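# Structural description and commentary
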Amino acid sequence: MIRIFSDSTSDLSPELVERYQIHILPLNVNLDEETYIDGKTITPEEIYVWSDQTKKTPKTSVFPVSSAVSAFKPFILAGDELICFAISESMSASAQVMRMAAKELHAEDRIHVVDSANLSTGIALLVLTAADLIAQGADMAEILRVIEAKKPLVRSSFVVDTLTFLHRGGRCSGAAALVGNILKLHPTIIVRNGKMEVGKKYHSGIYNVLKHYEKDLEPDLLNAEPRRVFITHSGCKAEWVDELRASLASLNYFDEILETRAGCVVSSHCGPNTLGILYIEKEHPAVQ
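All chains use their own residue numbering, which begins from 1 and follows the written sequence. Only residues with pLDDT of at least 70 get local features here, since the model is predicted, and only at 80 or more are side-chain atom pairs given and counted; chain-wide, interface and lining totals rely on the full set of residues. Hydrogens and waters are ignored; side-chain quantities use all the structure's heavy atoms.

Quick look at the overall build of the protein chain now. Within the protein chain one finds 11 helices and 14 strands. Restricting the calculation to C-alpha atoms gives the radius of gyration, and the globule rule supplies 2.2 Å times the number of residues raised to the power 0.38. Over its C-alpha trace the protein chain gives a radius of gyration of 19 Å, about what one expects of a compact globule, namely 19 Å for 288 residues. Principal axes of the C-alpha set define a box for the protein chain whose edges measure 55 × 55 × 35 Å. By residue count, 54% of the 288 residues in the protein chain fall in the buried class. Any pair of residues with heavy atoms lying within 4.5 Å of one another is described as a contacting pair. Of all intrachain contacts in the protein chain linking residues separated by at least 6 positions in sequence, the fraction that spans at least 24 positions is 76%. For the protein chain, the exposed surface amounts to about 13,300 Å²; the carbon and sulfur share of it is 53%. If the 29 positive side-chain charges of the protein chain are averaged to one point and the 37 negative ones to another, these points end up 4 Å apart. Numbering of helices and strands runs from the N terminus, with a helix taken as a DSSP run of H or I at least four residues long and a strand as a DSSP run of E at least two residues long. Here the term buried applies to any residue with accessible area under 20% of the maximum for its type, exposed to any over 50%, and partly exposed to those in between, with areas from a 1.4 Å probe on protein chains only. To be clear on the numbers: accessible area is Shrake-Rupley with a 1.4 Å probe, and residue cover counts the displayed protein chains and nothing else. Counted as positive: Lys and Arg. Counted as negative: Asp and Glu. His and the chain ends are not counted at all. Charged side chains are reduced to one point each, which is NZ for Lys, CZ for Arg, CG for Asp and CD for Glu.

Right, let's talk about the side chain of Asn28 for a bit. Along the chain, Asn28 falls in strand β3 (residues 28–31). According to the relative accessible area criterion, Asn28 is buried, its value standing at 15%. Other than its neighbours up to four places away in sequence, Asn28 contacts Thr35, Tyr36, Ile37, Lys59, Thr60, Ser61, Val62, Phe63 and Pro64.

Helix span, expected: 1.5 Å multiplied by one less than the number of residues in the helix. Between the first and last C-alpha of helix α3 (residues 65–77) there are 18 Å, a value that for 13 residues agrees with the 18 Å anticipated at 1.5 Å per step. To get the bend at a residue, fit one axis to the 7 residues ending there and another to the 7 starting there, then take the angle between the axes. Maximum bend of α3: about 30 degrees, positioned at Ala71, with proline Pro74 one to four residues after it. Within α3, burial applies to Val65, Ala68, Val69, Phe72, Phe75 and Ile76. Residues of α3 that are buried make contact with β1 (2–7), β2 (22–25), β6 (81–86), α4 (94–104) and β7 (111–115). Positive backbone phi, approximately 90 degrees, marks Gly79, located one or two places after α3.

The subject of this paragraph is the sheet that holds strand β4 (residues 34–37). With antiparallel pairing, three strands are arranged side by side in an open sheet as β4-β3-β5. Whereas interior strands pair on both sides, the edge strands pair on one side only; in this sheet they are β4 and β5 (59–61). Ignoring strand direction, the axes of neighbouring strands in this sheet form an average angle of 30 degrees. Here, strands pair whenever DSSP counts at least two bridges between them. Pairing of β3 with β4, which is carried by four bridges, proceeds in the antiparallel orientation. Bridge pairing in β4 links Leu31 to Glu34. Axis definition: a line fitted to C-alpha atoms, over the contacting stretch in the case of helices. Angles run 0 to 180 degrees between N-to-C directions.

The next subject is the packing of aromatic side chains. What characterises a pair of aromatic rings is the spacing of the ring centres plus the angle enclosed by the ring planes. The aromatic pairing rule takes the rings of Phe, Tyr and Trp, using the six-membered ring of Trp, and pairs them if the centres are within 6.5 Å, calling planes under 30 degrees apart stacked, those over 60 edge-to-face and the rest tilted. Taken as a whole and assessed by the stated rule, the structure comprises four aromatic pairs. Measuring from centroid to centroid gives 6.1 Å for Tyr207 and Trp240, while their planes differ by 45 degrees, and the two rings are tilted. Here Tyr207, found in helix α9 (residues 206–221), pairs with Trp240, found in helix α10 (residues 238–249); they are 33 residues apart in sequence, far enough to count as distant. Owing to a relative accessible area of 30%, Tyr207 belongs among the partly exposed residues under this scheme. The class for Trp240 is buried, based on a relative accessible area of 15%.

Now for helix α6 (residues 140–150). Turning to α6, its buried residues are Met140, Ile143, Val146, Ile147 and Lys150. Buried residues in α6, looked at end-on, bunch into an arc of 130 degrees, giving them a common side. Structural note: α6 exposes Ala141 and Arg145 on the side pointing more than 90 degrees away from its buried face. In the core, the buried residues of α6 are packed alongside β1, β6, β7, α5 (121–135), β8 (154–155) and β14 (275–280). In this description, the arc belongs to the directions extending from the helix axis to the C-beta atoms.

Before going further, it helps to spend a moment on the pattern of salt bridges. Salt bridges are identified by distance alone: a Lys or Arg side-chain nitrogen within 4 Å of an Asp or Glu carboxyl oxygen. For the structure shown, the criterion picks out 16 salt bridges. Arg99 is paired through a salt bridge with Glu89; the nearest N and O atoms lie 3.0 Å apart. Residue Arg99 is located in helix α4, and its partner Glu89 is located in the loop between β6 and α4; the two are separated by 10 residues in the primary sequence. For Glu89, a relative accessible area of 35% corresponds to the partly exposed category. A salt bridge links Arg145 to Glu142, with the nearest nitrogen and oxygen atoms 3.0 Å apart. With Arg145 and Glu142 both in helix α6, this residue pair falls three residues apart, about one helical turn. Via salt bridges that share partners, Arg19, Asp132, Arg227, Arg228 and Glu256 belong to a single interconnected network.

The next point concerns the confidence of the model for the protein chain. Residue-level confidence of the predictor is what pLDDT reports, using numbers from 0 through 100. The predicted model of the protein chain averages 89 in pLDDT, with 90% of residues at 70 or higher. Confidence over residues 169–183 falls short of pLDDT 50; this stretch has 19 contacts with residues more than four positions distant or in other chains.

Right, here's the structure in full:
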């Protein structure tokens, strides 16, 4: 049997984890001297309070090799094959730790680690693609082939409400954060080649920004795979998310519109009211 693992940065909801029988390896969140487990012993809201009180951003760290070994071992002993998805290797050592665990179990031939070259539900899109293929009876070789072909087609972007958290994490200068917040600038964070880049900057209140962001994406969304699209956010108002979902539904294009809450890793770096729309672009036939 083929089993799917992912680190916790995939931001899969508990409902999706259960529906697709995904096994999650949680990262750690470090608040000064205290270490917490992503999604288990700390929440994004608690991180926001701590960060505002201390004017710091949390440090995140990968799970130890021993945790991955313990998670993998029962399935290896049962004769299963594992496909394991990790956040981009340029952002974390998650994939490396998974490979080390496979080596310790002498199971490199049965534990297949995928560097997603992405984050958040950009990873989840690949995870659920693998789950679909397993349900269709695909073998591991076919699953790995399809996943590698789709990795460069994953489109992940987020709009950030405040630059404060990016500044605290060292990804934005203090001056830029101050000016950006005063001018109500809301940058788009885009994942390209496994790294985060700044895209279009919106200038308005965050509610209006989210509407403009969705409208700007519509031409690209109509060139996406129709199977599913994710709305992923770090605690936006429910009515904002509902309105965005209704806009996506009005396209009459996607089979499934999934909403997930960003976990502690994304939330700690981007702050509250961050929202993204994530999808896989259609694969176009090669020009002969």
